[in-house]
Amino acid sequence: MRSQQRKARLKASALILALTSVSGTAWADSLVFGFQNPAFSGVGYSAHVLTIENQERSRKQAREMNLKLNFWPRSGRRKTPLRRAS
């Protein structure tokens, strides 16, 4: 029993010694990262905000126009997803 424990310890210590001797030195470099999103980088932020506002406004106008066209048709009949006004 003791010889098995001794062999297990010897294997473990040999493994640890092999891993530490084989491992190389790690070299670190400075982190260089540039954000592509102007909200994070700050470059062109005002144009970014204006673009978002324009998108929101155009989507709101499209929704309003879609509501007008779908719920107030010219023929007087209400459009539904299953039946379209002719």
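Q: Account for the overall build of the chain, naming residues and giving values.
A: The number of helices and strands found in the chain is three helices and zero strands. Helices (α) and strands (β) of the chain occur, in sequence order from the N terminus, as α-α-α. Of the roughly 8,800 Å² that the chain leaves accessible, carbon and sulfur atoms contribute 59%.

Q: For a nonpolar patch on the surface, give the residues involved together with the corresponding values.
A: A cluster of nonpolar side chains, contributed by F33, F35 and F40, occupies part of the molecular surface with about 420 Å² of accessible area. Structurally, F33 is set in the loop between α1 (2-22) and α2 (38-41).

Q: Would you mind going over the confidence of the model for the chain in detail, with residue names and values included?
A: Taken residue by residue, the chain gives an average pLDDT of 78. The fraction at 70 or more is 76%. Within the chain, the lowest mean pLDDT, 73, falls on α2, and the highest, 88, falls on helix α3 (residues 45-71).

Rules of the game
- Residues numbered from 1 in each chain as written.
- Predicted model: local features only at pLDDT ≥ 70, side-chain atom pairs only at ≥ 80, totals over all residues.
- Heavy atoms only, no water.
- Helix = DSSP H or I, 4+ residues; strand = E, 2+ residues; numbered from the N terminus.
- Areas by Shrake-Rupley, 256 points an atom, 1.4 Å probe, with all protein chains shown as cover.
- Patch = residues over 30% accessible without salt bridge, like charges linked within 9 Å, V, L, I, M, F, W, Y side chains within 5 Å.
- Salt bridge = Lys/Arg side-chain N within 4 Å of Asp/Glu carboxyl O.
- pLDDT = per-residue confidence, 0-100.

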